[in-house]
Amino acid sequence: MNKIWLFGAAISMVLAFGSCKPKQSAYKAAYEQAKEKESTAPVEVVEQEEEIVEEVAPVSKPRTSTATTRSEKISAAQGEDASRLKRYSVVIGSFKNKTNAYSLKERMQNAGYNAVLGENEQGMLRVIVASFNDKADAADSRDAIKAKYAPDFQDAWLLERQY
C-alpha cells in the first residue's frame, strides 16, 4: 500500500514540476509574431531634393530662446575631447550602460554628427550631438534633430553645463 502512495506522489511531483517550466513553443510563437509584424510594417522612403537658396545678409538682432534646459555639472567621458563641450548641448540619450551609450554615439557619428559623450556627477552618460555657446542655436539644433529623426529622439533636450 505504501508503494502505491509513494508511486502516486512521485507522479504528482513530476506533473507539478513539469508544468512550471516555460514552453519554448510559446517563446517561438511570440518571436514569429513580432518578426511578421516587423516585416509587414510599411517602409516609407522619402526622397529629398536639394534646393539652392541665395541668402541675403540678415539684419542682426539679438536672438533669445525660451527653451527649457536642464543644468548639470558635466565633463567629457573618459577618452572624449572636452573641448567639444560648450555651455549648451543637445542630448539625445542618457545611459548608465556604457555599451548602449557608445553604440548610440557611433550611430550618430556614422550619420555625420560630431557626437561626444559627457558624464554627470551621478555617472550617467549623456550622448551629445551638438554643443553651442548660444542657447537659441542649441534649441534650433535640437528642433532640427527632432524633425529629421521623427519619431526617434522626440525626447531630445538641452543641457546647460555648470562649471
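Cut-off values and rules
Residues numbered from 1 in each chain as written. Predicted model: local features only at pLDDT ≥ 70, side-chain atom pairs only at ≥ 80, totals over all residues. Heavy atoms only, no water. Helix = DSSP H or I, 4+ residues; strand = E, 2+ residues; numbered from the N terminus. Expected span 1.5 Å × (residues − 1). Buried < 20%, exposed > 50% of the residue type's maximum accessible area, 1.4 Å probe, protein only. Arc of directions from axis to C-beta. Contact = heavy atoms within 4.5 Å. Polar contact = N/O pair within 3.5 Å; in protein donor to acceptor, adjacent residues only side chain to side chain.

Looking up the chain in an unreviewed UniProt entry gives the name SPOR domain-containing protein, with the organism given as Parabacteroides segnis.

Enquirer: Break down helix H3 (residues 98-110) for me, with residues and values.
Expert: Look at H3: 18 Å from first C-alpha to last across 13 residues, which is about the 18 Å you get at 1.5 Å a residue. Along H3, the residues that are buried comprise Ala101, Leu104, Lys105 and Met108. Down the axis of H3, the buried side of the element spans an arc of 100°, and every buried residue falls inside it. Facing away from the buried side of H3 by more than 90 degrees, the exposed set consists of Thr99 and Asn110. For H3, the secondary structure elements touched by its buried residues are strand S2 (88-95), strand S3 (116-120) and strand S4 (125-132). Measuring from the side-chain oxygen of the N-cap residue of H3 to the backbone nitrogen of Thr99 gives 2.8 Å; that N-cap residue is Asn97. Downstream of H3 by one or two residues, Gly112 has phi in the positive range, about 100°.

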